[in-house]
Amino acid sequence: MRVVKTGTELKETLDEYAGLAGRRVLVPTMGALHHGHLELIKRARQHAGPEGTLIVSIFVNPIQFDRANDLDAYPRPVESDLEKCLAAGVDAVFLPDAAAMYHADRSVTVTETMLSRTLCGATRPGHFDGVCTVVLKLFLLTGCHAAVFGEKDFQQLAIIRRMVRDLDVPVEIIACPTVRESDGLAMSSRNVRLHHKERTDAPRIHRALAAAAKLRDAAEILAAARAGIESSPLARIDYLSLVDAETLQPVADLKLPAILAAAVFYGDVRLIDHVMIGG
Ligand code: AMP
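Below is a short write-up of the structure. (Residues numbered from 1 in each chain as written. Predicted model: local features only at pLDDT ≥ 70, side-chain atom pairs only at ≥ 80, totals over all residues. Heavy atoms only, no water.)

## Structural notes on the site of the ligand
So, point 1. Not every one of the 17 residues close to the ligand is listed here, only the nearest: His 37, Gly 150, Asp 153, Val 179 and Met 187.
So, point 2. For the ligand, whose unbound accessible area comes to 490 Å², protein coverage reaches 93%.
So, point 3. For the shell around the ligand, the secondary structure elements donating two or more residues are strand S2 (24-29), helix H2 (35-48) and strand S5 (146-150).
So, point 4. At three residues, the largest contribution of residues to the shell around the ligand is made by H2.
So, point 5. Here the residues of the shell around the ligand sort into eight nonpolar, seven polar and two charged. (Near = heavy atom within 4 Å. Areas by Shrake-Rupley, 256 points an atom, 1.4 Å probe, with all protein chains shown as cover. Helix = DSSP H or I, 4+ residues; strand = E, 2+ residues; numbered from the N terminus. Nonpolar A, V, L, I, M, F, W, Y, C, P; charged D, E, K, R; others polar.)

Structure representation (C-alpha coordinates):
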(Lines give C-alpha, C1' and ligand atoms only; values in the text may rest on other atoms or scores of the structure.)
Protein backbone atom coordinates (compact mmCIF):
# COMPACT_ATOMS: atom_id res chain seq x y z
CA MET A 1 0.00 0.00 0.00
CA ARG A 2 1.33 3.41 -0.99
CA VAL A 3 0.78 6.48 1.19
CA VAL A 4 1.13 9.73 -0.76
CA LYS A 5 0.80 13.30 0.41
CA THR A 6 0.74 15.49 -2.68
CA GLY A 7 -1.09 15.53 -5.99
CA THR A 8 2.20 14.98 -7.82
CA GLU A 9 3.08 11.92 -5.75
CA LEU A 10 -0.44 10.61 -6.26
CA LYS A 11 -0.16 10.98 -10.03
CA GLU A 12 3.20 9.17 -10.09
CA THR A 13 1.79 6.31 -8.02
CA LEU A 14 -1.37 6.00 -10.09
CA ASP A 15 0.65 6.03 -13.31
CA GLU A 16 2.36 2.87 -12.04
CA TYR A 17 -1.02 1.20 -11.57
CA ALA A 18 -2.35 2.47 -14.91
CA GLY A 19 -1.49 -0.67 -16.87
CA LEU A 20 -3.52 -2.93 -14.58
CA ALA A 21 -6.96 -4.18 -15.53
CA GLY A 22 -9.99 -3.20 -13.50
CA ARG A 23 -11.32 0.15 -12.47
CA ARG A 24 -9.95 2.91 -10.29
CA VAL A 25 -12.29 3.50 -7.36
CA LEU A 26 -12.03 6.23 -4.73
CA VAL A 27 -13.39 6.32 -1.19
CA PRO A 28 -13.16 9.91 0.09
CA THR A 29 -12.99 10.18 3.90
CA MET A 30 -11.92 12.50 6.67
CA GLY A 31 -10.25 9.62 8.53
CA ALA A 32 -10.89 8.30 12.05
CA LEU A 33 -12.03 5.23 10.14
CA HIS A 34 -14.79 3.02 11.57
CA HIS A 35 -16.82 0.08 10.27
CA GLY A 36 -18.97 2.41 8.16
CA HIS A 37 -15.89 3.51 6.23
CA LEU A 38 -14.70 -0.11 5.98
CA GLU A 39 -17.99 -1.10 4.34
CA LEU A 40 -17.43 1.64 1.75
CA ILE A 41 -13.90 0.31 1.16
CA LYS A 42 -15.26 -3.23 0.74
CA ARG A 43 -17.84 -1.98 -1.75
CA ALA A 44 -15.13 -0.06 -3.60
CA ARG A 45 -13.01 -3.22 -3.96
CA GLN A 46 -16.00 -5.09 -5.40
CA HIS A 47 -16.42 -2.38 -8.01
CA ALA A 48 -12.71 -2.06 -8.76
CA GLY A 49 -12.22 -5.82 -9.13
CA PRO A 50 -9.17 -7.66 -7.77
CA GLU A 51 -6.93 -6.04 -10.40
CA GLY A 52 -8.41 -2.57 -10.04
CA THR A 53 -7.00 0.27 -7.99
CA LEU A 54 -8.61 1.15 -4.67
CA ILE A 55 -7.76 4.61 -3.35
CA VAL A 56 -8.80 6.01 0.03
CA SER A 57 -8.36 9.71 0.66
CA ILE A 58 -8.01 10.92 4.22
CA PHE A 59 -8.34 14.67 4.47
CA VAL A 60 -10.02 16.74 7.17
CA ASN A 61 -11.18 19.38 4.74
CA PRO A 62 -10.99 22.75 6.52
CA ILE A 63 -13.25 24.58 4.05
CA GLN A 64 -16.27 22.40 4.86
CA PHE A 65 -16.17 23.18 8.58
CA ASP A 66 -18.36 26.01 9.84
CA ARG A 67 -17.12 25.85 13.46
CA ALA A 68 -13.42 26.20 14.30
CA ASN A 69 -13.72 24.06 17.43
CA ASP A 70 -15.29 21.22 15.41
CA LEU A 71 -12.32 21.30 13.00
CA ASP A 72 -9.77 21.44 15.83
CA ALA A 73 -11.42 18.64 17.80
CA TYR A 74 -11.93 16.35 14.79
CA PRO A 75 -10.12 13.06 15.60
CA ARG A 76 -7.00 12.31 13.52
CA PRO A 77 -5.69 8.83 14.42
CA VAL A 78 -3.54 8.56 11.29
CA GLU A 79 -1.47 5.50 12.23
CA SER A 80 -4.45 3.31 13.07
CA ASP A 81 -6.26 4.57 9.94
CA LEU A 82 -3.34 3.44 7.81
CA GLU A 83 -3.33 0.04 9.54
CA LYS A 84 -7.04 -0.34 8.78
CA CYS A 85 -6.50 0.60 5.14
CA LEU A 86 -3.66 -1.90 4.82
CA ALA A 87 -5.77 -4.66 6.38
CA ALA A 88 -8.65 -3.77 4.04
CA GLY A 89 -6.50 -4.20 0.93
CA VAL A 90 -6.33 -0.53 -0.07
CA ASP A 91 -3.78 0.16 -2.82
CA ALA A 92 -3.12 3.84 -2.20
CA VAL A 93 -3.95 6.29 0.57
CA PHE A 94 -3.98 9.95 -0.37
CA LEU A 95 -3.16 11.89 2.80
CA PRO A 96 -2.65 15.54 1.90
CA ASP A 97 -2.51 18.49 4.26
CA ALA A 98 -4.42 21.69 3.59
CA ALA A 99 -1.42 23.33 1.91
CA ALA A 100 -1.16 20.43 -0.54
CA MET A 101 -4.85 20.72 -1.43
CA TYR A 102 -5.43 24.48 -1.59
CA HIS A 103 -3.52 27.42 -2.99
CA ALA A 104 -3.29 30.21 -0.43
CA ASP A 105 -5.08 32.55 -2.87
CA ARG A 106 -7.59 30.02 -4.20
CA SER A 107 -10.63 31.77 -5.64
CA VAL A 108 -12.80 29.09 -7.26
CA THR A 109 -15.49 27.19 -5.36
CA VAL A 110 -18.12 24.71 -6.54
CA THR A 111 -21.59 25.74 -5.38
CA GLU A 112 -24.78 23.71 -5.63
CA THR A 113 -27.72 26.04 -5.31
CA MET A 114 -30.83 23.95 -4.67
CA LEU A 115 -30.39 20.74 -2.69
CA SER A 116 -27.86 22.43 -0.42
CA ARG A 117 -30.30 25.06 0.82
CA THR A 118 -32.08 22.87 3.38
CA LEU A 119 -31.10 20.58 6.29
CA CYS A 120 -27.32 20.66 6.97
CA GLY A 121 -26.88 23.33 4.28
CA ALA A 122 -29.22 25.67 6.12
CA THR A 123 -27.53 25.27 9.51
CA ARG A 124 -23.93 24.96 8.27
CA PRO A 125 -23.29 27.87 5.88
CA GLY A 126 -20.74 27.08 3.19
CA HIS A 127 -20.49 23.42 4.22
CA PHE A 128 -21.57 21.92 0.90
CA ASP A 129 -19.49 24.41 -1.11
CA GLY A 130 -16.52 22.98 0.77
CA VAL A 131 -17.68 19.40 0.17
CA CYS A 132 -18.33 19.87 -3.57
CA THR A 133 -15.04 21.68 -4.07
CA VAL A 134 -12.93 19.04 -2.33
CA VAL A 135 -14.78 16.10 -3.90
CA LEU A 136 -14.39 17.50 -7.41
CA LYS A 137 -10.69 18.09 -6.74
CA LEU A 138 -10.31 14.52 -5.45
CA PHE A 139 -12.06 13.17 -8.56
CA LEU A 140 -9.70 15.16 -10.80
CA LEU A 141 -6.55 14.34 -8.82
CA THR A 142 -7.27 10.61 -8.75
CA GLY A 143 -8.88 10.28 -12.19
CA CYS A 144 -11.19 7.71 -10.60
CA HIS A 145 -13.87 5.87 -12.61
CA ALA A 146 -16.13 5.53 -9.57
CA ALA A 147 -16.39 6.78 -6.01
CA VAL A 148 -18.23 5.38 -3.00
CA PHE A 149 -20.25 7.49 -0.55
CA GLY A 150 -22.36 6.63 2.50
CA GLU A 151 -26.12 7.06 2.64
CA LYS A 152 -25.66 8.30 6.20
CA ASP A 153 -24.80 11.67 4.65
CA PHE A 154 -27.74 11.46 2.25
CA GLN A 155 -27.82 15.19 1.50
CA GLN A 156 -24.12 15.09 0.62
CA LEU A 157 -24.77 12.06 -1.61
CA ALA A 158 -27.67 13.83 -3.39
CA ILE A 159 -25.60 16.97 -3.93
CA ILE A 160 -22.62 15.04 -5.29
CA ARG A 161 -24.88 13.13 -7.66
CA ARG A 162 -26.27 16.48 -8.81
CA MET A 163 -22.78 17.96 -9.26
CA VAL A 164 -21.71 14.95 -11.32
CA ARG A 165 -24.88 15.20 -13.44
CA ASP A 166 -24.79 18.96 -13.97
CA LEU A 167 -21.05 19.25 -14.64
CA ASP A 168 -20.78 16.03 -16.71
CA VAL A 169 -18.17 14.62 -14.34
CA PRO A 170 -17.28 11.13 -15.66
CA VAL A 171 -17.38 9.41 -12.26
CA GLU A 172 -19.90 6.77 -11.25
CA ILE A 173 -21.32 7.42 -7.78
CA ILE A 174 -21.90 4.32 -5.68
CA ALA A 175 -23.98 4.50 -2.49
CA CYS A 176 -23.52 2.36 0.62
CA PRO A 177 -26.19 1.91 3.33
CA THR A 178 -25.72 3.44 6.79
CA VAL A 179 -23.76 1.22 9.18
CA ARG A 180 -24.98 1.33 12.78
CA GLU A 181 -23.71 0.31 16.19
CA SER A 182 -25.62 -2.59 17.77
CA ASP A 183 -27.76 -0.08 19.71
CA GLY A 184 -28.79 1.72 16.51
CA LEU A 185 -26.50 4.76 16.70
CA ALA A 186 -25.20 5.61 13.23
CA MET A 187 -21.43 5.12 13.20
CA SER A 188 -19.58 8.41 12.99
CA SER A 189 -16.02 9.58 13.56
CA ARG A 190 -17.50 12.10 15.99
CA ASN A 191 -18.99 9.38 18.26
CA VAL A 192 -15.65 8.99 20.07
CA ARG A 193 -16.04 12.56 21.29
CA LEU A 194 -19.26 11.74 23.19
CA HIS A 195 -19.00 11.44 26.96
CA HIS A 196 -20.21 8.16 28.45
CA LYS A 197 -23.69 9.46 29.31
CA GLU A 198 -24.08 11.12 25.92
CA ARG A 199 -23.00 7.94 24.12
CA THR A 200 -25.55 5.92 26.10
CA ASP A 201 -28.24 8.47 25.28
CA ALA A 202 -27.49 9.08 21.61
CA PRO A 203 -29.23 5.97 20.13
CA ARG A 204 -32.47 7.76 21.00
CA ILE A 205 -32.03 9.83 17.83
CA HIS A 206 -32.50 6.82 15.58
CA ARG A 207 -35.18 5.29 17.84
CA ALA A 208 -37.18 8.55 17.77
CA LEU A 209 -36.90 8.93 13.99
CA ALA A 210 -37.78 5.29 13.32
CA ALA A 211 -40.82 5.36 15.64
CA ALA A 212 -42.09 8.66 14.20
CA ALA A 213 -41.65 7.35 10.66
CA LYS A 214 -44.41 4.82 11.30
CA LEU A 215 -46.99 7.65 11.51
CA ARG A 216 -48.70 8.98 8.40
CA ASP A 217 -49.27 12.66 9.12
CA ALA A 218 -46.41 15.13 8.60
CA ALA A 219 -47.12 17.27 11.68
CA GLU A 220 -47.54 14.19 13.87
CA ILE A 221 -44.31 12.68 12.55
CA LEU A 222 -42.34 15.83 13.37
CA ALA A 223 -43.97 16.22 16.81
CA ALA A 224 -43.31 12.59 17.74
CA ALA A 225 -39.69 12.72 16.61
CA ARG A 226 -39.11 15.98 18.47
CA ALA A 227 -40.68 14.61 21.65
CA GLY A 228 -38.57 11.44 21.43
CA ILE A 229 -35.31 13.35 21.03
CA GLU A 230 -36.08 16.17 23.45
CA SER A 231 -37.16 13.81 26.22
CA SER A 232 -33.42 13.72 26.97
CA PRO A 233 -31.95 16.80 28.66
CA LEU A 234 -28.61 16.02 26.99
CA ALA A 235 -29.88 16.28 23.41
CA ARG A 236 -30.33 19.65 21.66
CA ILE A 237 -31.93 19.63 18.22
CA ASP A 238 -30.10 21.61 15.54
CA TYR A 239 -32.75 20.78 12.96
CA LEU A 240 -35.51 18.25 12.54
CA SER A 241 -37.08 18.16 9.12
CA LEU A 242 -39.36 16.12 6.90
CA VAL A 243 -38.31 16.55 3.29
CA ASP A 244 -39.16 15.21 -0.14
CA ALA A 245 -36.66 12.42 -0.88
CA GLU A 246 -35.77 13.86 -4.28
CA THR A 247 -35.86 17.63 -3.92
CA LEU A 248 -34.89 17.69 -0.21
CA GLN A 249 -37.43 20.50 0.25
CA PRO A 250 -39.59 20.41 3.41
CA VAL A 251 -43.05 18.93 2.94
CA ALA A 252 -46.15 19.97 4.85
CA ASP A 253 -48.12 16.95 3.63
CA LEU A 254 -46.58 13.52 3.59
CA LYS A 255 -45.79 12.54 0.00
CA LEU A 256 -43.78 9.36 -0.37
CA PRO A 257 -40.90 8.80 -0.54
CA ALA A 258 -39.88 11.28 2.13
CA ILE A 259 -36.94 11.57 4.51
CA LEU A 260 -37.16 12.40 8.18
CA ALA A 261 -33.80 13.88 9.13
CA ALA A 262 -32.25 15.37 12.24
CA ALA A 263 -29.07 16.97 13.44
CA VAL A 264 -28.65 16.83 17.20
CA PHE A 265 -26.02 18.35 19.46
CA TYR A 266 -24.64 16.49 22.46
CA GLY A 267 -22.48 19.18 24.02
CA ASP A 268 -20.59 20.53 21.02
CA VAL A 269 -20.70 17.19 19.16
CA ARG A 270 -23.17 17.33 16.30
CA LEU A 271 -24.67 14.04 15.09
CA ILE A 272 -26.89 13.50 12.06
CA ASP A 273 -29.28 10.70 11.21
CA HIS A 274 -32.31 10.09 9.04
CA VAL A 275 -34.90 7.50 8.06
CA MET A 276 -36.52 7.05 4.69
CA ILE A 277 -40.30 6.88 4.69
CA GLY A 278 -41.81 4.83 1.90
CA GLY A 279 -38.64 4.53 -0.19
P1 AMP B 1 -16.47 11.12 6.71
O2 AMP B 1 -15.13 10.54 7.00
O3 AMP B 1 -17.35 11.25 7.90
O4 AMP B 1 -16.40 12.35 5.84
O5 AMP B 1 -17.21 10.04 5.80
C6 AMP B 1 -16.59 9.50 4.65
C7 AMP B 1 -17.62 8.67 3.93
O8 AMP B 1 -18.06 7.62 4.79
C9 AMP B 1 -18.87 9.47 3.53
O10 AMP B 1 -19.29 9.04 2.25
C11 AMP B 1 -19.86 9.08 4.59
O12 AMP B 1 -21.20 9.15 4.15
C13 AMP B 1 -19.46 7.63 4.85
N14 AMP B 1 -19.91 7.21 6.17
C15 AMP B 1 -19.64 7.79 7.36
N16 AMP B 1 -20.27 7.15 8.36
C17 AMP B 1 -20.97 6.13 7.79
C18 AMP B 1 -21.84 5.10 8.28
N19 AMP B 1 -22.13 4.99 9.58
N20 AMP B 1 -22.38 4.25 7.40
C21 AMP B 1 -22.10 4.36 6.06
N22 AMP B 1 -21.30 5.29 5.55
C23 AMP B 1 -20.73 6.17 6.38
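## Some thoughts on helix H1 (residues 7-17)
Residue pairs three or four apart in sequence face the same way in an α-helix, which turns once every 3.6 residues.
So, point 1. Among all positions of H1, only Gly 7, Leu 10, Thr 13, Leu 14 and Tyr 17 are buried. Projection of H1 onto a plane perpendicular to its axis shows the buried side chains occupying an angular sector of 125°, all on one side. Residues of H1 that are exposed and point over 90 degrees away from its buried face: Thr 8, Lys 11 and Glu 16. (Buried < 20%, exposed > 50% of the residue type's maximum accessible area, 1.4 Å probe, protein only. Arc of directions from axis to C-beta.)

## Thoughts on the packing of helix H10 (residues 204-212) against helix H11 (residues 218-230)
So, point 1. Orientation of H10 relative to H11, taken along the N-to-C sense of each, is 155°, at an axis distance of 8 Å. With respect to each other, H10 and H11 are oriented roughly antiparallel. You can see that H10 and H11 cross each other, and the crossing is right-handed. Here Arg 204, Ile 205, Ala 208, Leu 209 and Ala 212 of H10 come into contact with H11, specifically with Ile 221, Ala 224, Ala 225, Gly 228 and Ile 229.
So, point 2. Counted by class, the contact of H10 with H11 contains eight nonpolar, one polar and one charged residues. (Axes fitted to C-alpha atoms, helices over the stretch in contact; angles between N-to-C directions. Parallel < 35°, antiparallel > 145°, perpendicular 65-115°, else oblique. Left-handed = near helix turned anticlockwise from the far one by under 90°. Contact = heavy atoms within 4.5 Å.)

## Concerning the pairing of S2
So, point 1. The buried count for S2 comes to six of six residues, which makes it a mostly enclosed element.
So, point 2. Because side chains alternate across S2, one face comprises the buried residues Arg 24, Leu 26 and Pro 28, and the other comprises Val 25, Val 27 and Thr 29, equally buried.
So, point 3. When S2 meets strand S3 (residues 53-58), the two strands line up parallel, connected through six bridges. Paired with Arg 24 across the bridge in S3 is Thr 53.
So, point 4. One crossover worth recording links S2 to the parallel S3 by way of H2, and it is right-handed.
So, point 5. The pairing of S2 with S5 spans two bridges and is classified as parallel. Considered in S5, the bridge of Val 25 is made with Ala 146. (Pairing = 2+ DSSP bridges. Right-handed = clockwise from strand over helix to strand, strands pointing away.)

## Points about a nonpolar patch on the surface
So, point 1. Nonpolar side chains collect at one region of the surface, where Met 1, Val 3 and Leu 86 lie side by side and expose about 250 Å² of accessible area between them.
So, point 2. Mapped onto the elements, Val 3 comes out in strand S1 (residues 2-4).
So, point 3. What makes Val 3 partly exposed here is its relative accessible area of 35%. (Patch = residues over 30% accessible without salt bridge, like charges linked within 9 Å, V, L, I, M, F, W, Y side chains within 5 Å. Salt bridge = Lys/Arg side-chain N within 4 Å of Asp/Glu carboxyl O.)

## Thoughts on the packing of aromatic side chains
So, point 1. Inspection of every chain in the model, using the stated rule, returns three aromatic pairs.
So, point 2. A centroid spacing of 5.7 Å and a plane angle of 80° characterise the contact between Phe 65 and Tyr 74, whose relative ring orientation is edge-to-face. Here Phe 65 matches Tyr 74 in class, with each residue buried.
So, point 3. Geometrically, the ring pair formed by Phe 139 and Phe 149 is edge-to-face, given 6.3 Å between the ring centres and 70° between the ring planes. (Phe/Tyr/Trp six-rings, centres within 6.5 Å; stacked < 30°, edge-to-face > 60°.)

## Quick word on the environment of Arg 270
So, point 1. Position of Arg 270 among the secondary structure elements: in strand S9 (residues 269-277).
So, point 2. Accessibility expressed as a relative area gives 8% for Arg 270, which makes it buried.
So, point 3. A distance of 3.3 Å separates the side chain of Arg 270 from the side chain of Thr 123, its partner in a polar contact.
So, point 4. In this structure the side chain of Arg 270 is engaged in a polar contact, spanning 2.9 Å, whose partner is the side chain of Asp 238. (Polar contact = N/O pair within 3.5 Å; in protein donor to acceptor, adjacent residues only side chain to side chain.)

## Here we look at the pattern of salt bridges
So, point 1. Here the structure, examined in full by the defined rule, presents 18 salt bridges.
So, point 2. For the salt bridge of Asp 91 with Arg 45, the shortest nitrogen-to-oxygen distance reads 3.0 Å. Of this pair, Asp 91 sits in the loop between helix H4 (78-87) and strand S4 (92-94) while Arg 45 sits in helix H2, placing them 46 residues apart in sequence.
So, point 3. Its salt-bridge partner being Asp 70, residue Arg 193 comes within 4.0 Å of it at the nearest N-O pair. In this pair, Arg 193 sits in the loop between strand S6 (172-176) and helix H9 (196-201) while Asp 70 sits in helix H3 (residues 68-73), placing the two residues 123 residues apart along the sequence.
So, point 4. One continuous salt-bridge network, built from bridges that share partners, spans Asp 66, Arg 67, Asp 70, Arg 124, Arg 190, Arg 193 and Asp 268.

## Digging into the pairing of S6
Remark: a regular strand shows side chains that alternate across the two faces of the sheet.
So, point 1. Counting buried positions over the five residues of S6 gives four, a clear majority of the element.
So, point 2. The pairing of S5 with S6 spans five bridges and is classified as parallel. Bridge pairing in S6 places Phe 149 opposite Ala 175.
So, point 3. As for the winding sense of the linkage, the β-α-β connection from S5 through helix H8 (residues 154-166) to S6 is right-handed.

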